[in-house]
Amino acid sequence: MKNFKKYYSKINSIVDKTMLTPKVDPVSKGIVQRPAKKEEVPVGKMTVEQQVARYVEIIRKQKKELLNDKS
Amino acid sequence: MINPEEFLEAPIPGMSLTTEPGNSPWEQPPQLVTLQEVADYYINNLTEDQEAIDKVLDAIEAGAPLQILANAVITFNMMKGIHTIDVGFLVMPIIVEMFITLAELNDIQYFITPEDSLKGKVLNRDLVEKIVNSSEAKTEEALQSLAPVSKGLMSKGNM
C-alpha cells in the first residue's frame, strides 16, 4: 500500500512534467536561436514508469476533452 | 488470541495439496504478458463493458477508495490467469486514473487511498483548477471596478 503511494506520486510527477511543459514554437528564429531538437524515445526503449505515465497522460487528456464537451 | 470460530474456518494444513497441481488458472502461464497488453485490456474493459462500469461506479459512490478497488480488480484478474501480480501492480495507476475519469464524468466524489477517505480529503484537480480560475477572474473584475483614487487638490472628485 505504501509502495503504491510512492509509485503513484512518481508517475504523477512525470505526467505533470510532460503536461505542463509548454510546446516549443515550431517556427525557427534563425540558426542561433533554433531550439535543440528533442528526440522522441520509442515506446520499446521507455522505462516502465514512462510507459505508465504515457497512458495516464492520454487518459487525462481524454478526460479533459470529455469534461469540456460536457460543460 | 484467535477467535475459536475463526480458527475453525481456516483451511486444514495440506488442503491445497488435495487438488492436482497446475490446474488452477494462476498456476498456468498468464494470458497477457507485457505492460502494454495488460493496460489495453483494462482500458478496453473499463470503457466498453457497461456492467463493469456500473459496478465500479456503485462501489465508488459507496465510498470505496480507488486504490482498494483497483487492488481487488487486479487480484481477481490475476486469479483468472489473465496476468501476473507484478504487471498488475505496475498498471495500477492506469486503473486508478480510469476510475477517477469515470467518477468525474459522473460527478461522483472519490477517495484515492484509504487514508484520504478517513480524513475526508478529496483530490479533485479539475475542481481545484476551476476554483482558482474563478477566484482569479473575480479578483481582476473587482480591481477593475474600483473607482480611481484622486491624486491631489486639482483632481477633485464628483461632489
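Residues numbered from 1 in each chain as written. Chains lettered and ligands numbered in written order. Predicted model: local features only at pLDDT ≥ 70, side-chain atom pairs only at ≥ 80, totals over all residues.

Q: Honestly, the overall build of chain A in this entry has me stumped. Any pointers?
A: Check the secondary structure of chain A and you find two helices and zero strands. Considering chain A as a whole, with its 71 residues, one finds that 11% of them fall into the buried category. (Helix = DSSP H or I, 4+ residues; strand = E, 2+ residues; numbered from the N terminus. Buried ≥ 20, exposed ≤ 12 C-beta atoms within 10 Å, placed from the backbone.)

Q: Would you take a moment to explain the overall build of chain B for this structure?
A: Looking only at helices and strands, one finds eight helices and zero strands in chain B. When the elements of chain B are put in sequence order from the N terminus, they spell out α-α-α-α-α-α-α-α. Residue burial in chain B is summarised as follows: out of 159 residues, 19% are buried.

Q: Help me understand the interface of chain A and chain B, please; the structure alone is not making it clear to me.
A: Where interface size is quoted, it is often the accessible area lost as the parts come together. Taken residue by residue, the interface counts 15 residues in chain A and 16 residues in chain B. With ten residues, the single largest contributor to the side of chain A that touches chain B is helix H2 (residues 48-70) of chain A. Grouping the amino acids of the side of chain A that touches chain B by side-chain chemistry returns eleven nonpolar, one polar and three charged. (Contact = placed C-beta atoms within 7 Å. Nonpolar A, V, L, I, M, F, W, Y, C, P; charged D, E, K, R; others polar.)

Q: Which parts of the structure should I look at to understand the nonpolar core?
A: Generally speaking, a soluble globular protein has its nonpolar side chains buried in company with each other. With 30 residues, the main nonpolar core has B:Val91, B:Ile94, B:Ile95 and B:Phe99 as its most contacted residues. Where this core is concerned, the elements lending two or more residues are helix H1 (2-20) and H2 of chain A together with helix H2 (35-48), helix H3 (50-61), helix H4 (66-79), helix H5 (85-90) and helix H6 (92-105) of chain B. In terms of residue count, the dominant contributor to this core is H6(B) (eight residues). Beyond its immediate sequence surroundings of up to four residues, B:Phe99 is in contact with B:Val56, B:Ile60, B:Leu66, B:Leu69 and B:Ala70. (Core = buried A, V, L, I, M, F, W, Y, C linked by C-beta atoms within 7 Å.)

Q: Is there a simple way to explain unusual backbone geometry in this structure?
A: Phi is mostly negative for residues that are not glycine, and the peptide bonds are mostly trans. The phi torsion at B:Asp107 lies on the positive side, around 55°, for a residue other than glycine. C-beta crowding within 10 Å serves as the criterion here: with 7 such atoms nearby, B:Asp107 is assigned to the exposed category.

Q: Explain the environment of A:Gln50 here, please?
A: Position of A:Gln50 relative to the elements: it lies in helix H2. In this structure, the C-alpha to C-alpha distance between A:Gln50 and A:Lys10, residues 40 residues apart in sequence, is 9.9 Å.

Q: Where do I start with H2(A) in this structure?
A: At 3.6 residues per turn, the α-helix brings residues three or four places apart onto the same side. Across its 23 residues, H2(A) extends 33 Å between first and last C-alpha, which sits within 8% of the 33 Å expected from 1.5 Å per residue. Listed in full, the buried residues belonging to H2(A) are A:Val52, A:Ala53, A:Arg54, A:Tyr55, A:Val56 and A:Ile59. On its buried face, H2(A) is in contact with H1 of chain A together with H2, H5 and H6 of chain B. (Expected span 1.5 Å × (residues − 1).)

Q: When you look at the confidence of the model for chain B in this model, what are you seeing that I'm missing?
A: Chain-level statistics for chain B give a pLDDT mean of 83 and a share of 84% at 70 or above. Predicted complex, confidence summary: ipTM 0.76, pTM 0.70. (pLDDT = per-residue confidence, 0-100.)

Q: What exactly am I supposed to notice about H6(B) here?
A: The end-to-end C-alpha distance of H6(B), which contains 14 residues, comes to 20 Å, matching closely the 20 Å that a straight helix rising 1.5 Å per residue would cover. Of all 14 residues in H6(B), ten are buried, a share of seventy percent or more. Listed in full, the buried residues belonging to H6(B) are B:Met92, B:Pro93, B:Ile94, B:Ile95, B:Val96, B:Glu97, B:Met98, B:Phe99, B:Ile100 and B:Leu102. Lining the buried residues of H6(B) we find H1 and H2 of chain A together with H2, H3, H4 and H5 of chain B.

Q: I keep staring at the packing of H1(A) against H2(A) and nothing clicks. Help me out?
A: Any two packed helices are characterised by the angle at which their axes cross and by the distance between the axes. All names here are of chain A. Axis separation between H1 and H2 bottoms out at 9 Å; the angle between their running directions is 60°. As far as their axial angle goes, H2 and H1 are oblique. As H1 packs across H2, the resulting crossing turns out to be right-handed. For the pair H1 and H2, contact is made by Lys10, Ile11, Ile14, Val15, Thr18 and Met19 and by Glu49, Gln50, Val52, Ala53, Val56, Glu57 and Arg60, respectively. A per-class count over the contact of H1 with H2 returns seven nonpolar, two polar and four charged. (Axes fitted to C-alpha atoms, helices over the stretch in contact; angles between N-to-C directions. Parallel < 35°, antiparallel > 145°, perpendicular 65-115°, else oblique. Left-handed = near helix turned anticlockwise from the far one by under 90°.)

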